[in-house]
Number of protein chains: 2
Amino acid sequence: MPPKVGIIAGTGDLPLRLAESCRAQGREVFAITFEGENENAALAAAGIPSAKVGIGSVGKTLLLLKQHKCEELVLIGKFQRPSLGSLKVDFRGARLLPKVARATGDDSILGVIMAEFEKEGFRVVGADTLMPKLRADEGAFGKHTPAELAQSDIRMGRAVLDALGPFDIGQAIIVERGRVIGIEGPEGTDNLIARCAPLLHERGVGVLVKARKRGQDERADLPAIGPRTVQTCAEAGLAGIAVEAEGAIVIDKVGTAAEADARGLFVIGFAAKS
Amino acid sequence: MPPKVGIIAGTGDLPLRLAESCRAQGREVFAITFEGENENAALAAAGIPSAKVGIGSVGKTLLLLKQHKCEELVLIGKFQRPSLGSLKVDFRGARLLPKVARATGDDSILGVIMAEFEKEGFRVVGADTLMPKLRADEGAFGKHTPAELAQSDIRMGRAVLDALGPFDIGQAIIVERGRVIGIEGPEGTDNLIARCAPLLHERGVGVLVKARKRGQDERADLPAIGPRTVQTCAEAGLAGIAVEAEGAIVIDKVGTAAEADARGLFVIGFAAKS
C-alpha cells in the first residue's frame, strides 16, 4: 500500500483537490487545518479526515500526523505569515519560534518548517508528485492569445522578476504598456491585483505575470493561478495572465480556460528559458 | 532682474516652500494649480499669484505662463497620473494625449510634458536650483542612527532598488530583517507604507529606503521625505528612513530631524556610491 499522505492545509481550493486526487489514486490522507483564518471546512464537508490545530501548535501537529501514520507530507494552499506577537505556541512551537523569527530570504519560514518535519522522519513532497498535470503547460490555455503589446509587457514583467531573483521576492508582477504597476510582496496576488486596479491606465491592456522565484523550493509556495485569479484579473481590467510553464500551478485547468474564454482574457504558459 | 518662475504645483508642502524661497531671493513667481485632487489652497492663502486649470488644459496653462511672463518653470509636488478615460483636454492637451498615452519607462509622462514646455521656449529647471540645500545630506539627521540589523536591511533595500534600475520603477522600498515587504510602484510612498504596515513582523525593525531611479530626470519627481514621512513611518512601526544623499529631497530638514528625534526613528542619508 502506498504511504499515507499528511496534508498541511492552507486556504483556497488546492488542499481539497489534492485530497481528492490522492483518494482517486487509492492513497489514504489525513489533513491538518488551522484555527482562525485558514480553517478548511470544505475538507470536512467532503469527508476528508482532518484535525484542526492552532497555527503555533507544532508539537500537537507532529503528534497527530504520527498518530494517523502519515509518512509523506504536503504543504498546500495559502499560508499567511502569522504575527509573532499574538501567536500561541506549544512547547515544540516555542522551540521553533526563534528560528522562524530569524528566517529570511534563503532560509525561509516554510523552509524552517519543512526541515522540522523532516527531522521527525516525514518526507515532505511537492503537491505535483501527487497531482499529475498540476503545473502550467506551455502555450494558450483558452482561445485568447496576447496581442503584441501584451507580449512585450510579459517580456518586461519576466525581466523584472528575473532581476529580483537574488532577493527572494517577486513571484508576480503587473505591467501595463511598459510600466510596472506593482510587484508582489508577502501580501499575495489577490492583494497585488486589488491595489494595482486603481493605478491601471486603461482597461484590457495590463498583464499579470507569475513565475517561480530563483531558488524556489519546489515543495511549497509555488506560484498558482486558477479560475478565481482569472475573475479577479478581469474585474481589475487586465488583458490576461502569463505563467511560467512547468513552474506555476494551475488549479483546475479546464475551469481556468473556460473562465478566460468567457471573460475575454488570455491565459498563457511561457517556457522558463525562452 | 532674475527671470520669473512658473511653478507647476502638485500637492504637498513643496510648492509653497519653493514659492517662498523664490520670493526670499527676490524672484517673482506665478503658480499653476490643478482642479480636483491637487488644488493648492495654501498658495493662495500665502498670497502667491496663481491660477487654477484643469489637468488636461495644456493650451490654457501655456497661455497663462506666457501672459505672466514666466521664463523658468519648475514642476514640484506630487502628481497623480490622471485617468485618460475621464480626462478633459483642450486643443493642445488633445494633441499631447497620444504621446502621454504612449509614454513608458524611458520616455515618461513627465518627460513628455517637460519637452512640451521647452518646445514653447520655457526653461524647465529643478527645484533645487531655486531652493538651496533641498537635497539630503549624508549622515544622520537626528540623534538616532540605524542599528546593525537596520544597516543590513538598508544595504539590501539599496541592492533591490539597484537591480530594478533598468525598469523605471522603485524609488522606495521597505525591508524588514532581510525580507522585502514592499516595493513602491506608481502608488507613492504613503500608500507603500500603508500597505506594508500590516505585513510587518515586529515593531521598530523595518526600514524605508528611498533613492533616485537610474536615469532619473533631476528636474522632476525626485524621491522626497519630510516630517510627515517620519510620522507615517513611526505609526507603521518602522525603525527609520534611509535616503540617497544629494539624490532625495528633504522637505524641512530641521522639522524632519526633530520629528525623528521625538518619535525615536533614525533618518539617514547614504552616499550614492558607497
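Given the structure is predicted, the values throughout are model-derived calculations rather than measurements.

**Q** Describe the packing of aromatic side chains, listing the residues and the values that go with them.
**A** All names here are of chain A. According to the stated counting rule, one finds two aromatic pairs over all chains in the structure shown. Ring geometry for F117 against F122: centres 6.5 Å apart, planes inclined by 85 degrees, an arrangement best described as edge-to-face. Exposure class is identical for F117 and F122. Each is buried.

**Q** Give me the lowdown on the pattern of salt bridges, citing residues and values where you can.
**A** Scanning the entire structure with this criterion turns up 45 salt bridges over all chains. The shortest N-O distance in the salt bridge between A:R219 and A:D217 comes to 3.2 Å. Since its relative accessible area comes to 24%, A:R219 is described here as partly exposed. The salt bridge involving B:R27 is made with B:E72; its shortest N-O contact spans 2.9 Å.

**Q** Account for the packing of helix α4 (residues 91–102) of chain B against helix α5 (residues 109–119) of chain B, naming residues and giving values.
**A** Residues and elements named next belong to chain B. At a closest axis distance of 10 Å, the pairing of α4 and α5 adopts a crossing angle of 140 degrees. Looking at the two axes, α4 sits oblique to α5. The element α4 and its partner α5 pack so that their crossing is right-handed. On α5, the residues touching R92, L96, K99 and V100 of α4 are I109, V112, E116 and K119. In terms of residue class, the contact of α4 with α5 is built from four nonpolar, no polar and four charged.

**Q** Describe the sheet that holds strand β8 (residues 179–183) of chain B, and please don't skip the residues or the numbers.
**A** Note on sheets: strands pair through backbone hydrogen bonds, and any given pair is parallel or antiparallel. Residues and elements named next belong to chain B. Spatial strand order, β6-β13-β11-β9-β7-β8: six strands in an open sheet with mixed pairing. Strand pairing shows two members of the sheet lacking a second neighbour, β6 (139–140) and β8, which therefore form its edges. Note: strand β7 (residues 172–176) against strand β9 (residues 207–210), four bridges, orientation antiparallel. When the bridges of β9 are listed, I174 appears paired with L208. Its contacts with the sheet place helix α6 (residues 148–163) against β7, β8, β9, β11 (240–244) and β13 (266–270), and it is angled at close to 140 degrees to β7. The strands touched by helix α8 (residues 227–236) are β9, β11 and β13; relative to β11, the strand with the most contacts, the crossing angle is about 140 degrees.

**Q** Go over the sheet that holds strand β6 (residues 139–140) of chain A with me, naming the residues and quoting the values.
**A** Residues and elements named next belong to chain A. Strand order in the open sheet made by the six strands is β6-β13-β11-β9-β7-β8, with mixed pairing throughout. Each of the sheet's edge strands pairs with one partner strand only, and the pair in question is β6 and β8 (179–183). Bridging between β6 and strand β13 (residues 266–270) involves two bridges; their strand directions are antiparallel. Bridge pairing in β13 links G139 to G269. On the sheet, helix α6 (residues 148–163) packs against β7 (172–176), β8, β9 (207–210), β11 (240–244) and β13 and is oriented at approximately 140 degrees with respect to β7.

**Q** So what's going on with the environment of B:Q216? Which residues, and what values?
**A** All names here are of chain B. Structurally, the position occupied by Q216 is in the loop between β9 and β10 (224–225). On the basis of relative accessible area, Q216 is assigned to the buried category, the value being 12%. For the pair Q216 and Q171, spaced 45 residues apart in sequence, the C-alpha separation works out to 9.7 Å. When residues no more than four places from it in sequence are discounted, the contact partners of Q216 are Q171, D221, L222 and P223. From its side chain, Q216 meets the backbone oxygen of D221 in a polar contact 2.9 Å long.

**Q** Can you tell me about the interface of chain A and chain B, naming the residues and giving the values?
**A** With 25 residues of chain A in contact, the opposing surface of chain B contributes 25 residues. Between chain A and chain B lies a buried interface of about 2,500 Å² when both sides are counted; carbon and sulfur atoms form 66% of it. Of all residues in chain A, A:R81, A:F167 and A:H201 give up the largest surface area on contact with chain B, accounting jointly for 25% of the area buried on that side. In this assembly, chain A and chain B are joined by one salt bridge.

**Q** Provide a residue-level description of the packing of helix α3 (residues 58–67) of chain A against helix α4 (residues 91–102) of chain A, including the pertinent values.
**A** Residue and element names in this part refer to chain A. Orientation of α3 relative to α4, taken along the N-to-C sense of each, is 120 degrees, at an axis distance of 5 Å. Judged by the angle between their axes, α3 and α4 are oblique. Within the contact between the two elements, α3 uses V58, G59 and L62 and α4 uses R92, G93 and L96.

**Q** Before we move on, can you summarise the domain arrangement of chain A with the specific residues and values?
**A** A common way to express how large an interface is: the accessible area buried when the components associate. Residues and elements named next belong to chain A. Entries for chain A in the domain assignment read domain 1 (5–129) and domain 2 (139–270). Computed over C-alpha atoms, the centres of domain 1 and domain 2 are 27 Å apart. Contacts between the two partners involve twelve residues from domain 1 and, on the opposite side, eleven residues from domain 2. The largest contributions to the domain 1 side of the interface with domain 2 come from L14, R17 and M114, which together make up 38% of the buried area. At the junction of domain 1 with domain 2, the criterion picks out three salt bridges. The salt bridge involving E118 is made with R219; its shortest N-O contact spans 3.5 Å. Counting across the interface, domain 1 meets domain 2 through two residue pairs in polar contact (both at pLDDT 80 or more). Looking at the side of domain 1 that touches domain 2, the element that brings in the most residues is helix α5 (residues 109–119), giving three residues. When the residues that make up the side of domain 1 that touches domain 2 are grouped by side-chain class, the tally is six nonpolar, two polar and four charged.

Calculation notes
- Residues numbered from 1 in each chain as written.
- Chains lettered and ligands numbered in written order.
- Predicted model: local features only at pLDDT ≥ 70, side-chain atom pairs only at ≥ 80, totals over all residues.
- Heavy atoms only, no water.
- Phe/Tyr/Trp six-rings, centres within 6.5 Å; stacked < 30°, edge-to-face > 60°.
- Buried < 20%, exposed > 50% of the residue type's maximum accessible area, 1.4 Å probe, protein only.
- Salt bridge = Lys/Arg side-chain N within 4 Å of Asp/Glu carboxyl O.
- Axes fitted to C-alpha atoms, helices over the stretch in contact; angles between N-to-C directions.
- Helix = DSSP H or I, 4+ residues; strand = E, 2+ residues; numbered from the N terminus.
- Parallel < 35°, antiparallel > 145°, perpendicular 65-115°, else oblique.
- Left-handed = near helix turned anticlockwise from the far one by under 90°.
- Contact = heavy atoms within 4.5 Å.
- Nonpolar A, V, L, I, M, F, W, Y, C, P; charged D, E, K, R; others polar.
- Pairing = 2+ DSSP bridges.
- Polar contact = N/O pair within 3.5 Å; in protein donor to acceptor, adjacent residues only side chain to side chain.
- Buried area = accessible area lost by both parts, 1.4 Å probe.
- Domains from an automatic or database assignment.

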